[in-house]
Amino acid sequence: MTQSRSAWGWGLASIDAAGNVLDVWYPKLTLGEAPAAKPNHGFGNLVHEGEDLRGVRRMPVFTVSRLDDPVVDAPDAYLRLHLLSMRLAKPNTLNLDGIFGALNNVVWTNYGPFAVDDFAQRRLAVMQGNAGAGMPGMRAEVNVLAIDKFPRMLDYVVPTGVRIGDGDRVRLGAYLSEGTTVMHAGFVNFNAGTLGTCMIEGRVSQGVVVGDGSDVGGGASIMGTLSGGGKLRNSIGEHSLLGANAGIGISLGDNCVVEAGLYVTAGTKIEVWDKEKAAAGVALDVVKGADLSGKNNILFIRNSLTGAIQARPRKTGIALNDALHKN
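Because the structure is a prediction, the values reported are computed rather than measured.

(A) Structural detail: the domain arrangement of the protein chain. According to the domain assignment, the protein chain contains domain 1 (6–35 + 44–121) and domain 2 (153–324). Centre-to-centre, using C-alpha coordinates, domain 1 lies 32 Å away from domain 2. With 17 residues of domain 1 at the interface, the matching set in domain 2 holds 23 residues. Joining domain 1 to domain 2, the criterion identifies 1 salt bridge. For glutamate 178, the salt bridge goes to arginine 87, with nearest N and O atoms at 3.9 Å. Of all the secondary structure elements, the ones that give two or more residues to the side of domain 1 that touches domain 2 are β2 (21–25) and α1 (74–85). Among the elements that make up the side of domain 1 that touches domain 2, the one with the highest residue count is α1 (5 residues). Residues belonging to the side of domain 1 that touches domain 2 are distributed by class as follows: 11 nonpolar, 3 polar and 3 charged.

Here it is in structure tokens:
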């Protein structure tokens, strides 16, 4: 019987008045079996056994995660998300079954996580408490950043060698390799990311990976698996370009380009370019997008005269601007 892969570490958990775990921060994680004797957690005075004005306690939790088994609870879910953003595990290599059921919906604010159910009263208590601490008559605003199960990555993990224009657009559990630039309109979901130097100006959905030297253009999108519940995971190979406002529901291989504004799905009818057939006026072969999924050296364009989508051969890949990716 093969032994399940493991990871372990101490986390600092935020726990609401009902005992629900709102989040867990792991400053460090270790792959492998946990030691028999637990090391010191090292959180010191960050631990608060009593509730603060948010109704939240901050408690240390020692978590051991069996990475090939389904997610068992919120600390386990947060550990796996941290592993991805810490680059200790690549996308699609961890079992994330059950993660949505394990995570709670949380009100994410500039004061940290709040429970949803009693948020209005807790918000009032924080604002009154801050005003009474030295600024009477002034509102100490509690700004709501999001209501979601997944927080921003940068509040938990700050990877080296990357640029991120807007921290709200990269979720915890994103995997960003060194040399990656995520521009202000780019988005990277959990269990998705880049496997080398990349430019991300569009949307990288859950389960999607982008290869070294590739560019996801502004407004472009790559179909993920969450909304449709499917199992197919699309990807982009190395030195490929998904043009501005383009999209794919198939995988791109290496050295591929999808022209701006073109969306190619598995069912899209595509003419396969053949110079001799075109010159002779012979009809080109027509295939579905799925038949070209993952294949290398293809330029996907729309013929501006006929409106047909065509796949043409391409010999070389794109080259990114090195100066933009020396992060």
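(B) Up close: the pairing of strand β23 (residues 269–272). In this structure, β23 lies alongside strand β24 (residues 285–288), joined through 4 bridges in antiparallel fashion. In the sheet register, valine 272 faces β24, and the bridge partner there is aspartate 285.

(C) A look at the sheet that holds strand β7 (residues 144–148). Spatially, 3 strands are ordered β6-β5-β7 in an open sheet, and the strand pairing comes out antiparallel. Two strands close off the open sheet at either side, each with one partner strand: β6 (112–114) and β7. The sheet shows a mean angle of 25° between the axes of neighbouring strands, direction not considered.

Conventions used here
- Within any chain, residue numbers begin from 1 and follow the written order of that chain's sequence.
- Thresholds applied to this predicted model are a pLDDT of at least 70 for local features of residues and 80 or more for the giving and counting of side-chain atom pairs; totals over whole chains, interfaces and linings are not thresholded and use all residues.
- Hydrogens are left out, water is left out, and the side-chain values use all remaining heavy atoms of the structure.
- Bear in mind that the domain bounds are from an automatic or database domain assignment.
- Any two residues having at least one pair of non-hydrogen atoms within 4.5 Å are treated as being in contact.
- We count a salt bridge whenever a side-chain nitrogen from Lys or Arg sits within 4 Å of a carboxyl oxygen from Asp or Glu.
- Helix and strand assignments follow DSSP, with helices taken as H or I runs no shorter than four residues and strands as E runs no shorter than two, numbered in order from the N terminus.
- Gly is placed with the polar residues, together with every amino acid not listed as nonpolar (Ala, Val, Leu, Ile, Met, Phe, Trp, Tyr, Cys and Pro) or charged (Asp, Glu, Lys and Arg).
- Note on pairing: DSSP must find at least two bridges between two strands before they are called paired.
- For every element, the axis is a line fit to its C-alpha atoms; helices are fit only across the contacting stretch, and the angle between N-to-C directions ranges from 0 to 180 degrees.

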